[in-house]
Amino acid sequence: MRYLLAVLVALALNAQADDAPLRPSARLLFKQPEMLRPGQCVRYEEGGAGWVVTDPVFYLKGEVLASEVRTRRLGRCPLVPGKNIEQYTRAEFNRHALAYPCVDQGVPERDEQIGIVRIRVIDWETPHARKAENAGRLYRGAFIDRRLEKGMEIELEADLLGICER
């Protein structure tokens, strides 16, 4: 009887170890799936920093095509020796953005469940100032490294999106 109990405990612990933890984006899809149903208008925003004088808000607006929870291996974030992210070139920033979410150096790689939303692009406003080249995913008419076009499809984590009105 003790042997059976020990085997059951071992199996339960092993099953728990295989379950990847949920990122906030995955929890959002489980808790509020109606927010990201197909056809829903969503908006991704960057900027708006500041207390008195705020930066302009740049955005990408689209229509939800699908949403799902995926298990993803979080590898190491690309590192540029001698620079912090504010000093990255656009190419260095894009490499980091494409790897995100990722883990810092010295942190073990791991699997996590991520809530991904595929959207069809409707409209956008991106920064063009040189100081914005490493400030976000939107820059000079592009989303990371892809030129924005109406009707193109992109994927974002669910918790980066907000509901919009058409």
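On a predicted model such as this, the values are computed, not experimentally measured, just so you know.

A. Structural detail: the sheet that holds strand β4 (residues 138-139). Strand order in the open sheet formed by 3 strands is β4-β5-β6, and the pairing between neighbours is antiparallel. Among the strands making up the open sheet, the edge pair consists of β4 and β6 (146-147). Across 2 bridges, β4 lies against strand β5 (residues 142-143) in antiparallel orientation. Bridge pairing in β5 links Tyr139 to Ala142.

B. Examining the environment of Val103 more closely. Its location among the elements puts Val103 in the loop between α3 (90-99) and β3 (110-125). As a C-alpha pair, Val103 and Arg73 span 30 residues in sequence and 10.0 Å in three-dimensional space.

C. Spotlight on the pattern of salt bridges. For the coordinates displayed, the defined rule picks out 12 salt bridges. Between Arg73 and Asp111 there is a salt bridge whose closest N-O contact spans 3.5 Å. In this pair, Arg73 sits in strand β2 (residues 57-74) while Asp111 sits in strand β3, placing the two residues 38 residues apart along the sequence. Overall, the relative accessible area of 47% leaves Arg73 in the partly exposed class. Overlapping salt bridges bring together Arg23, Arg110, Glu112 and Glu157 as one network.

D. View of the confidence of the model for the chain. Residues at a pLDDT of 70 or more form 87% of the chain, whose mean pLDDT is 85. Scored below 50 in pLDDT, residues 1-17 shows 0 contacts in the model against residues more than four places distant or in partner chains.

E. Seen up close, helix α2 (residues 24-31). Taken residue by residue, α2 has Ser25, Ala26, Leu28 and Leu29 as its buried positions. The buried residues of α2 occupy one face: seen down the axis, they fall within an arc of 155 degrees. Across from the buried face of α2, at angles greater than 90 degrees, the exposed residues are Phe30 and Lys31. Those residues of α2 that are buried lie in contact with β2, β3 and β7 (153-157).

What counts and how
- Residues numbered from 1 in each chain as written.
- Predicted model: local features only at pLDDT ≥ 70, side-chain atom pairs only at ≥ 80, totals over all residues.
- Heavy atoms only, no water.
- Pairing = 2+ DSSP bridges.
- Helix = DSSP H or I, 4+ residues; strand = E, 2+ residues; numbered from the N terminus.
- Salt bridge = Lys/Arg side-chain N within 4 Å of Asp/Glu carboxyl O.
- Buried < 20%, exposed > 50% of the residue type's maximum accessible area, 1.4 Å probe, protein only.
- pLDDT = per-residue confidence, 0-100.
- Contact = heavy atoms within 4.5 Å.
- Arc of directions from axis to C-beta.

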